Amino acid sequence: MSPQTTTFPIDPHFPPSLLTPSVEEFEQRRPLLLQAARGYLDAGQKSIRGLHEAGASGTRVVTDLTRMFDLLIATLCRAVSADLDQGRFGQCALIALGGYGRCELNPRSDIDIMFYYNPRDREFAQKISERMLYLMFDLGLDVGFSVRTRQDCLDLAEQDVTVRTALLDSRFVAGDESLYQDYLAQVLEVLLNRNSQGFIRQKIEENQKRLQKYGSSVYLLEPNLKEGEGGLRDLHAAVWIARVKYKARSLKDLVIKGVISEREQQEFEAAFDYLWRIRNHLHYLSARKSDQMQFNHQEKIAEFLGYHNNRKALAVEQFMQDYYYHATRVEHLASSLIARITQQDKPSARLLGYLTRRQIEPDFYILRGELRVNGSTVFAQDPAKMMRAFLLAQRHQVPMSLALKGMIRDTLPLLNDKVRRARAINETFFEILRGPRDVGQTLREMHHLQFLNRFIPEFGRIFCKVQHDLYHTYTVDTHSIFAVEEILKLRAGEYAEKHPVLTRLANDIEKPELLLLAVLFHDIGKGEGKDHANKGADLMPTIARRFGLNREDSQRLEFLVRRHLDMAHIAQRRDLHDDQLIIQFARTMGMSENLKMLYLLTFADLRAVGPDVWNDWKGMLLHELYEKTYQVLEKGDFEMEKRSEKLRNRKRNVLEKLHDEFDQRLVRDQLRAMSTRYLMNYRSADIAEHLRLALGRGTRTLALKVEHETRRGFSQVTLSTLDIPGLFSKITGVMAANAINILGAQIHTRRNGEALDILQVAAPGGGTIENPEKWQRVEEELTAVIEGRARVEELVAKRRPPAFMIERPRPRFPNRVEIDNEASAQYTVIEIYAHDKVGLLYQITKTLKELGLYIGVAKISTKVDQAADVFYVQDIFGQKILGEEKQVEIRRRMLACLDED
């Protein structure tokens, strides 16, 4: 819809004296002009916002905004020229450019205008433009402007593709219409015909750079409505390229010229309308122009559009699922048009055989490097052949032609349950999964064409499904395909150097296609609501029957989906030195093949969540759990080992190692003071090192040793000191004050009143901390805190960011405290889930100390900005916390401490 054909409900009623020739100086009339313009703008913007909030379409709002500014600018032009040359405004044309030229103004869009003039009228054009621009600036408008002649336009367009693009979207607003006609003939027509191929090439390169900058994935957490993939710029780029290629002024012209169909025109217009409506509301919500849908905006837009929380998903997740679905359609619509245009310009014969039709099966052939199909009814007659097309594209490593992709999209409704259960289509699917290459790319293509959703309806329920948090970077379906690609990378040896065990396991799995299915389906239950692991597992028997899997494979698939969270949970939140825990986990696994496949699935799942989720520390914990469990399974011995002989041997070895360094009586005393748990879980060499630190401390308050595990990405800190109340809380406070992240902690208090604490730590962005000056400061501050010469609260307070550094809103989930007395035979396990912040761990440990609880093991985990910390605790008598009243108090006090600023 064009603003020229739309009646904006409010006209600018300026006093006639401001619009007619006057003897008064312009500066005398200017205040009244500004007052009238402000009144008009306020009334117009209020009216348009009212329409938007009442449910007006995106198209209606951008059209009315454009019309409002057209009327304002035309009226101002008359007013500023009223005292010049008897009111004649004929030597200059005011032309809208860019988004304003396309009639696509959103509430906070820039207004791009050009004053076009003949060289002989330069003084007049400068006078008019100066008056207009100062008025518009005083009205608070964001104006982009230029003052150009015909030659200026042509020269600048030649130098800068952005200028050329803006001129393509030009439109007359005010001034001399005959001069504008001159512009159309001498500038726009020239630009449409000049070096079309060069322009198209530059726009495609510009497109690629844009996506690199703003994210070349539709499924970003906080998408950019304008510049991100699936946004407005994708549509603009396709239309610009088509217009230059076919010398068209509009989408309608492209239909007339037969470039696009009327249905495609409607799809483009509907896509624009949807994005405009969201962008309009985003602009109304924002204090300044912004096109990025931040988390807090997403929630408000969802509410505005009428989404409501339900049993399966939050309102914001439903909205974002619809948005991502729309973004995939936009990307497909735009890329298909660009591909259609650029394909016609490919060299006719770049490679030998490029033009030769090569028949590869009765219904399929390859021509011009693309897979094509014989006739238009192949899939209608046999829908299972759609799967064959994917297999052949994979096998011959060629893309499908646009026509073939279109046929698949059009034939999707024929993929019914009878077709899905057919032996031929399932055997072909498994052949794709077993393929030596391009498995991930083929699954992506199936997903992109929405074939996967129809072939596996349960997968369709997670299509574009969103989880509204910072942890999950991608939609559930995309994450699942990325996870499959992680397994394929392992198989291809891409991680051989860093993850040799996982690489070996990936190539030793008996049925790799079954593992890929488990990875593809591990989150499929998220389409059913909460408890997704169990709900997903419950779907597996149905899917397995449809695939024709045998009973054993069906049960293994169900097992892997049901248990896919277990390994990460145990590795990151449980004490891996607890023999009973390992034995119980081994019993759950049942056999080593299950363990191997679950280890691989867990690796792929974590790697595919997002760029900051996997780290070497998590990898080390997973490997430790795998190795310990595998040993139990391979031995087949689920009973506790005889400890007495093992303990005696370990003590004997330690004495031998320290024989020449310390008095044997001192070493024996130290060994007697150690707990059985400690002696069972450290090698004799490690125990000897710990004793060297403790005995070498002498009369000093603290001995500290730092070792750097560079390959694993963390530093290990071993501390020896006298045990005092709240020692671990003081340690966490000093670490927080020095911006050191604690990943894990093993806390050992000996019967002789000494403490040995071992911490795994990393820099805020991950990796070892190798600055010796920093560790010197840590040692000095910790010594001062233990001796009472410094207050840890003051050290932590200094590390807090200043008040003006306010973090922008993020999804926040309620803090949780869970108490478990079943996970450990010796300890009560307290799990704490909270929004991460500076000093959080210190606040938690300080509160535990105040509650009279002693920490034995700490497992520290942070998912981007959500902390999930686990503490194994006992009371002052070394017992579990079993009293209900005490548990209620722990929850209450802990939640109160988490809510503190």
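Residues numbered from 1 in each chain as written. Predicted model: local features only at pLDDT ≥ 70, side-chain atom pairs only at ≥ 80, totals over all residues. Heavy atoms only, no water.

S.K.: Give a description of the overall build of the protein chain that names residues and reports values.
M.R.: Per the secondary structure count, the protein chain includes 39 helices and 16 strands. Dimensions of the protein chain along its principal axes, counting C-alpha atoms only, are 110 × 75 × 50 Å. Evaluated residue by residue, the protein chain yields a buried proportion of 56% over its 901 residues. Intrachain contacts of the protein chain at a sequence separation of at least 6 include 71% that bridge at least 24 residues. Split by element, the accessible area of the protein chain, about 40,800 Å² in all, is 48% carbon and sulfur. Charge-centre separation for the protein chain: the mean point of 129 positive side chains lies 2 Å from the mean point of 124 negative side chains. (Helix = DSSP H or I, 4+ residues; strand = E, 2+ residues; numbered from the N terminus. Buried < 20%, exposed > 50% of the residue type's maximum accessible area, 1.4 Å probe, protein only. Contact = heavy atoms within 4.5 Å. Areas by Shrake-Rupley, 256 points an atom, 1.4 Å probe, with all protein chains shown as cover. Lys, Arg positive; Asp, Glu negative; His and termini not counted. Charge placed at Lys NZ, Arg CZ, Asp CG, Glu CD.)

S.K.: Can you tell me about the pattern of salt bridges, naming the residues and giving the values?
M.R.: Enumeration according to the criterion identifies 56 salt bridges in this entry. A salt bridge links Asp 70 to Arg 171, with the nearest nitrogen and oxygen atoms 2.8 Å apart. Of this pair, Asp 70 sits in helix H2 (residues 58-80) while Arg 171 sits in strand S4 (residues 171-175), placing them 101 residues apart in sequence. (Salt bridge = Lys/Arg side-chain N within 4 Å of Asp/Glu carboxyl O.)

S.K.: Account for the environment of Phe 124, with residues named and values stated.
M.R.: Mapped onto the elements of the fold, Phe 124 is located in helix H4 (residues 122-138). Sequence spacing of Phe 124 and Cys 92 is 32 residues, and the spatial spacing of their C-alpha atoms is 7.9 Å.

S.K.: Before we move on, could you go through the sheet that holds strand S2 (residues 111-117) and cite the residues and values that matter?
M.R.: Taken together, the four strands give an open sheet; going across it, the order is S3-S2-S1-S4, and neighbouring strands pair in mixed fashion. Each of the sheet's edge strands pairs with one partner strand only, and the pair in question is strand S3 (143-148) and S4. Strand-to-strand twist of the sheet, defined as the mean angle between neighbouring strand axes without regard to direction, takes the value 25°. Sheet analysis places strand S1 (residues 92-96) next to S4, joined by four bridges and oriented antiparallel. Looking across to S4, one finds that Ala 96 is bridged to Arg 171. Here H4 sits on the sheet and contacts S1, S2 and S3; the angle it forms with S2, its principal contact strand, is near 165°. (Pairing = 2+ DSSP bridges. Axes fitted to C-alpha atoms, helices over the stretch in contact; angles between N-to-C directions.)

S.K.: Residue-level account of the pairing of S3, with values.
M.R.: Looking along a regular strand, one sees the side chains alternate between the two faces of the sheet. Note: S2 against S3, six bridges, orientation parallel. Pairing of Phe 115 across the sheet is with Val 147, part of S3. Traced from S2 through H4 to S3, the parallel crossover comes out right-handed. (Right-handed = clockwise from strand over helix to strand, strands pointing away.)

S.K.: Please provide a residue-by-residue account of the sheet that holds strand S5 (residues 358-361), values included.
M.R.: Overall, antiparallel pairing links the three strands, which are arranged S5-S6-S7 in an open sheet. At either end of the open sheet lies a strand with only one pairing partner, and these are S5 and strand S7 (370-373). If you compare each strand with its neighbour and ignore which way they point, the axes differ by 35° on average. In the sheet, S5 pairs with strand S6 (residues 364-367) via three bridges, with the strands oriented antiparallel.

S.K.: Can you tell me about the packing of helix H35 (residues 727-737) against helix H38 (residues 840-850), naming the residues and giving the values?
M.R.: Where H35 meets H38, the closest approach of the two axes is 8 Å, and the angle between their N-to-C directions is 165°. Overall, the two elements H35 and H38 adopt an arrangement that is roughly antiparallel. Two packed elements cross with a definite hand, and for H35 against H38 that hand is left-handed. Residues Phe 728, Ser 729, Thr 732 and Gly 733 of H35 pack against Leu 841, Tyr 842, Thr 845 and Lys 846 of H38. For the contact of H35 with H38, the residue count by class is three nonpolar, four polar and one charged. (Parallel < 35°, antiparallel > 145°, perpendicular 65-115°, else oblique. Left-handed = near helix turned anticlockwise from the far one by under 90°. Nonpolar A, V, L, I, M, F, W, Y, C, P; charged D, E, K, R; others polar.)

S.K.: Describe the packing of helix H5 (residues 150-159) against helix H7 (residues 177-193), naming the residues involved and giving the relevant values.
M.R.: One can describe the packing of H5 onto H7 by two numbers: an axis separation of 10 Å at closest approach and a directional angle of 10°. The angle between H5 and H7 places the two elements in the roughly parallel class. Across from Arg 150, Cys 153, Leu 154 and Ala 157 in H5, the residues of H7 making contact are Tyr 183, Gln 186, Val 187, Val 190 and Leu 191.

S.K.: Explain the confidence of the model for the protein chain to me, and be specific about the residues and the numbers.
M.R.: Mean pLDDT over the protein chain works out to 88, with 91% of the residues at or above the 70 mark. For the stretch residues 1-5, pLDDT sits under 50, and the model shows 10 contacts to residues farther than four places along the chain or on other chains. Note that residues 348-352 has pLDDT below 50 and, in this model, five contacts with residues that lie over four places away or in other chains. (pLDDT = per-residue confidence, 0-100.)

S.K.: Account for the pairing of strand S9 (residues 714-722), with residues named and values stated.
M.R.: Buried residues dominate S9, accounting for seven of its nine residues. The pairing of strand S8 (residues 702-709) with S9 spans eight bridges and is classified as antiparallel. Across the sheet, the residue bridging to Leu 702 is Thr 721, located in S9. What sits between the antiparallel neighbours S8 and S9 is a turn of four residues, in which Gly 713 has the positive phi angle 85°. Across eight bridges, the pairing between S9 and strand S11 (residues 754-762) is antiparallel. Bridge pairing in S11 places Gln 716 opposite Gln 760.

S.K.: Talk me through the side chain of Arg 131; I want residue IDs and the actual numbers.
M.R.: You can see Arg 131 is positioned in helix H4. Beyond its immediate sequence surroundings of up to four residues, Arg 131 is in contact with Phe 26, Val 80, Asp 83 and Leu 84.

S.K.: Any details on the side chain of Asn 280? Residues and values, ideally.
M.R.: Turning to its location among the elements, Asn 280 is positioned in helix H11 (residues 262-285). For Asn 280, a relative accessible area of 0% gives the class buried. Looking at Asn 280, its side chain comes within polar contact range of the side chain of Asn 106, at 2.6 Å. Setting aside its immediate chain neighbours within four residues, Asn 280 contacts His 52, Gly 58, Val 61, Val 62, Asn 106 and Pro 107. (Polar contact = N/O pair within 3.5 Å; in protein donor to acceptor, adjacent residues only side chain to side chain.)

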